[in-house]
Amino acid sequence: MKRKDPILQIAMQIQRQLARHGHKTPRDLQDAAENVLERQEMVATAWHQITKARQRGWHAAARQVQGRLFHQARLLQERLTELLHREGQHTQAVPQVPCLAMFMGELHQLQQEFENVELDPKGQVISAQTQSIELEGITLGPFTIELHLDRLGRRFDSGCFDLVATEPNPANSDDAVTHPHVRDKSLCAGEAVVPLSQVLRQGRIADAFCIINSVLKTYNASSPYVHLSDWDGTSCPECGGSVGGDDLYRCTACDSDLCESCISRCDLCDDSTCSSCLERDPITRRYCCPSCRCFCNTCGRVVEKDEFDESTGLCPGCSPDESGEDTSTENPNHEPTHEPQPAEPAAA
Amino acid sequence: MKVLFLNNEGAGFASHVEVEPGTTVDKFLAAQLPGRNATDFLIRVNRLPVAADQVLAEGDRVSMTPVKIAGAA
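Rules behind the numbers
Residues numbered from 1 in each chain as written. Chains lettered and ligands numbered in written order. Predicted model: local features only at pLDDT ≥ 70, side-chain atom pairs only at ≥ 80, totals over all residues. Heavy atoms only, no water. Pairing = 2+ DSSP bridges. Helix = DSSP H or I, 4+ residues; strand = E, 2+ residues; numbered from the N terminus. Contact = heavy atoms within 4.5 Å. Buried area = accessible area lost by both parts, 1.4 Å probe. Salt bridge = Lys/Arg side-chain N within 4 Å of Asp/Glu carboxyl O. Polar contact = N/O pair within 3.5 Å; in protein donor to acceptor, adjacent residues only side chain to side chain. Nonpolar A, V, L, I, M, F, W, Y, C, P; charged D, E, K, R; others polar. Buried < 20%, exposed > 50% of the residue type's maximum accessible area, 1.4 Å probe, protein only. pLDDT = per-residue confidence, 0-100. Disulfide = S-S within 2.5 Å. Core = buried A, V, L, I, M, F, W, Y, C linked by side-chain atoms within 4.5 Å. Expected span 1.5 Å × (residues − 1). Axes fitted to C-alpha atoms, helices over the stretch in contact; angles between N-to-C directions. Parallel < 35°, antiparallel > 145°, perpendicular 65-115°, else oblique. Left-handed = near helix turned anticlockwise from the far one by under 90°. Phe/Tyr/Trp six-rings, centres within 6.5 Å; stacked < 30°, edge-to-face > 60°.

Participant: I tried to follow the sheet that holds strand 7 (residues 177-179) of chain A on my own but got confused; where do I start?
Facilitator: Strand pairing in a sheet is mediated by backbone hydrogen bonds. Such pairs are either parallel or antiparallel. The antiparallel open sheet is built from three strands, whose spatial order is 7-8-9 (chain A). Strands at the two margins of the open sheet, each flanked by one partner only, are strand 7 and strand 9 (186-187) of chain A.

Structural data, given as C-alpha cells:
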C-alpha cells in the first residue's frame, strides 16, 4: 500500500485523533482524586499538631485537635468513597485505540454502504452521499454526510458532522432547515445521541454514518424544526393559498394567520384584521374591527365607536339630540318613530 | 463459540456473545433481540451483508443498526 493512499492517510488521521484525545483524564475523576489528596493533607496536619502538643505536655490542646483529626478523617472517608464510585464509570472511558487495519476496514465498509464516498486527507474530511430522502411524500433530496476529523476526539457527537443537502428542498418558512431534523447543516440526533457517541469513541466510522443515515430516513413528528405539514408553507384560511412563514399576517381580532392578499386593516385603529372580523359602518362607510365598533341598542346597526353614544348605547340616528328631538329621520336605516302622545285625562 | 456483537441501538454496546455452533444469523438476532423484526435493522457480518440463514463462525463480527432512528429539533 502506498503512503499516499487516501484510505491509509485518513485511517492514520482517525487513529491519531482518537489517541490524542483519549489520554485525557476526565475532569470529574481528576477532581475526585484531588479532593482525596486535600483531605489527606488535613488529616496529616491535624496529627502533626497532636504529636507536637503531646510532646510539649499540652494534653488539653492535644485532645481538642484530636476531635479535628477524626472530623477530617470522616471527610477523607467520604472523598475516598466518591473516588471509588468512579471506578466503574471510567474503566471504559479511555478505550484502547484500535489498530490501523480496523480503521481501514471501516473505510472500506463505508465505501460499500454509501455512494460517492470521498476521502480528503488534506481537509481531514470523510464524506458520503445518501440516497434521496423522502418523508411523507416530501422529497428532500440526497444529503452528503461529512465527518470532520479535526472535530473528532474533542467531541463524540453529531457536531463532528455536517449534513449538506445536495438538492435542497428547504422548509418554506426557513431556508436553513433542509430536513425536519437538520438546521444549518447540523443534525439534531435525538435517539441517536447515545449510540452515535459510542461508535465514534470506538472509531466505528461506518456505523456512525449508518446511524446518521437512519436518522435522516426517519421523521419524528413530535420534535422537528419544521413540521412536514408546514414544509411547503402554511395554508391561508381565507383563500387556501400556501404562504411562507415570513409572508403571513396575523389578525389582531381572531389571531388567524393570513396571506398578504387576504389581510385587511381597521379604518379606525389601523390594526391588521381579516375581512371576517371587519364590519362596515353603513353611515360613515368605514370598516371597523371589534375593538372599534359598537351596535346600536335600538336599530342594531354597526356604529364606529367615534360616532357611538356610550351613555345611551345608541347610534347618532337613534340618539335624541340636545334639544330632545328625535333625529331618527336622518337615519335612512330607521323606521319612523312615533311621537309620544299626551296622556288621556282620567275619567271623572 | 464466541462472536462479537455490535448493537448500534440504545446504549450501543459491543460484547462477545457465546453461541452454539451452527447458529444462523436470524436465530442469533431472535435470541439477542426477542420480538424484533430483522427488517428493522441493517445487519452485517464481518462488514458484509448476509442472508438470514448464514451460519455464524467463531470470531464473527455481527453488527446491527436500526434503519429508523428518531431525530429531534
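Participant: What is the right way to look at the interface of chain B and chain A in this model?
Facilitator: Accessible area lost on assembly of the parts is the figure often given for the size of an interface. Each side of the interface is counted separately: chain B has 20 residues, and chain A has 29 residues. When chain B packs against chain A, the two sides together hide about 2,000 Å² of surface, and 50% of this comes from carbon and sulfur. Looking only at chain B, the three residues that lose the most surface to chain A are Arg47, Ile69 and Ala73 of chain B, adding up to 31% of its buried area. Between chain B and chain A we count three salt bridges in total. In this structure, Glu113 of chain A engages Arg44 of chain B in a salt bridge whose closest nitrogen and oxygen atoms are separated by 2.6 Å. Counting the contacts that link chain B with chain A gives 15 residue pairs in polar contact (both at pLDDT 80 or more). If you list the elements that add at least two residues to the side of chain B that touches chain A, you get strand 3 (41-45) and strand 5 (61-66) of chain B. Among the elements that take part in the side of chain B that touches chain A, strand 5 of chain B stands out by supplying four residues, more than any other. Class assignment of the residues belonging to the side of chain B that touches chain A gives a composition of 10 nonpolar, six polar and four charged.

Participant: Help me understand unusual backbone geometry in this model?
Facilitator: Negative phi values dominate among residues other than glycine, just as trans dominates among peptide bonds. Residue and element names in this part refer to chain A. The backbone phi angle of Glu136 is positive, close to 50 degrees, even though this residue is not glycine. Residue classification places Glu136 among the exposed residues on the basis of a relative accessible area of 62%. Positive phi, close to 65 degrees, is recorded for Arg285, a residue that is not glycine. By the secondary structure assignment, Arg285 is in the loop between strand 16 (279-280) and strand 17 (287-288).

Participant: When you look at the confidence of the model for chain B in this model, what are you seeing that I'm missing?
Facilitator: Caution is warranted with low-pLDDT regions, since their predicted coordinates should not be read in detail. On average, residues of chain B carry a pLDDT of 90, and 95% of them reach 70 or more. Among the prediction metrics, the complex's ipTM stands at 0.94, with pTM recorded as 0.64.

Participant: Can you help me understand the pattern of salt bridges in this one?
Facilitator: Oppositely charged side chains can form a pair if their charged atoms are brought close together. Applying the stated rule across the entire model yields 13 salt bridges over all chains. Between Asp281 of chain A and Arg301 of chain A there is a salt bridge whose closest N-O contact spans 2.8 Å. With Asp281 of chain A in the loop between strand 16 and strand 17 and Arg301 of chain A in the loop between strand 18 (293-295) and strand 19 (302-304), this residue pair connects regions lying 20 residues apart in the sequence. Like Asp281 of chain A, the residue Arg301 of chain A is buried in the burial classification. Taken together, the shared-partner salt bridges in this structure form one network comprising Glu106 of chain A together with Arg47 and Arg61 of chain B.

Participant: Looking at this structure, how should I read the state of the cysteines?
Facilitator: Each disulfide consists of a covalent bond between the sulfur atoms of two cysteine residues. Residues and elements named next belong to chain A. Applying the stated rule across the entire model yields zero disulfides over all chains. There is no disulfide at Cys274, and the cysteine sulfur nearest it, in Cys277, is 3.5 Å away. Assessed through its relative accessible area of 3%, Cys274 is described here as buried. Cysteine Cys288 shares no disulfide, and the gap to the nearest cysteine sulfur, in Cys266, comes to 5.6 Å.

Participant: Is there a simple way to explain the nonpolar core in this structure?
Facilitator: Here is a general trend for soluble globular proteins: nonpolar side chains tend to be buried in one another's company. Counting residues in hydrophobic clusters, the biggest one holds 52 residues, and the most contacted among them are Ile14, Ile126, Leu152, Phe161, Phe209 and Leu216 of chain A. Among the elements that take part in this core, helix 7 (residues 205-216) of chain A stands out by supplying eight residues, more than any other. Beyond its immediate stretch of four places on either side in the chain, Ile126 of chain A contacts Ile10, Ile14, Leu107, Leu110, Glu118, Leu119, Ile145, Glu146, Leu147, Leu149, Ile205 and Phe209 of chain A. Membership of the second largest hydrophobic core comes to 15 residues, among which are Val19, Val45, Leu56 and Val62 of chain B.

Participant: Whenever I open this one, helix 5 (residues 100-113) of chain A confuses me. Can you help?
Facilitator: Residues three or four positions apart in an α-helix share a direction because the helix packs 3.6 residues into each turn. Between its terminal C-alpha atoms helix 5 of chain A stretches 20 Å, which fits the 20 Å expected from 14 residues at 1.5 Å a residue. Among all positions in helix 5 of chain A, only Met102, Phe103, Met104, Gly105, Glu106, Leu107, Gln109 and Leu110 of chain A are buried.

Participant: It is not clear to me how the packing of helix 6 (residues 193-201) of chain A against helix 7 of chain A should be interpreted in this structure. Could you clarify?
Facilitator: If you want to describe how two helices pack, look at the angle between their axes and the distance between the axes. Residues and elements named next belong to chain A. Running from N to C, helix 6 and helix 7 point in directions that differ by 160 degrees, and their axes come no closer than 8 Å. Put simply, helix 6 runs roughly antiparallel to helix 7. In this structure, helix 6 crosses over helix 7, and the sense of that crossing is left-handed. Facing Pro195, Leu196, Val199 and Leu200 of helix 6, the residues of helix 7 in contact are Asp207, Ala208, Ile211 and Ile212.

Participant: Mind showing me how you'd approach the sheet that holds strand 5 of chain B here?
Facilitator: Spatial strand order, 2-1-5-3-4 (chain B): five strands in an open sheet with mixed pairing. Looking at which strands have only one partner, the edges of the open sheet turn out to be strand 2 (14-18) and strand 4 (48-49) of chain B. When strand 1 (residues 2-7) of chain B meets strand 2 of chain B, the two strands line up antiparallel, connected through five bridges. Counted as the bridge partner of Lys2 of chain B is Glu18 of chain B from strand 2 of chain B. The strands touched by helix 7 of chain A are strand 1, strand 3 and strand 5 of chain B; relative to strand 5 of chain B, the strand with the most contacts, the crossing angle is about 25 degrees.

Participant: Just checking my understanding: could you explain the confidence of the model for chain A for this structure?
Facilitator: Looking at chain A as a whole, its pLDDT mean stands at 85, while 86% of the residues score no less than 70. Considering only residues more than four positions removed or in separate chains, one finds that residues 325-348 of chain A, a stretch of pLDDT under 50, has 22 contacts.

Participant: Help me understand the packing of aromatic side chains, please; the structure alone is not making it clear to me.
Facilitator: To describe a pair of aromatic rings, one takes the distance between the centres and the angle between the planes. All names here are of chain A. Tallied over the entire structure, the rule returns three aromatic pairs over all chains. With centroids separated by 6.1 Å and ring planes inclined at 65 degrees, the aromatic side chains of Phe114 and Phe209 adopt a geometry described as edge-to-face. Here the residue Phe114 occupies a position in the loop between helix 5 and strand 1 (115-120), and Phe209 occupies one in helix 7, the gap between them amounting to 95 residues. Judged by its relative accessible area of 8%, Phe114 falls in the buried class. Overall, the relative accessible area of 0% leaves Phe209 in the buried class.

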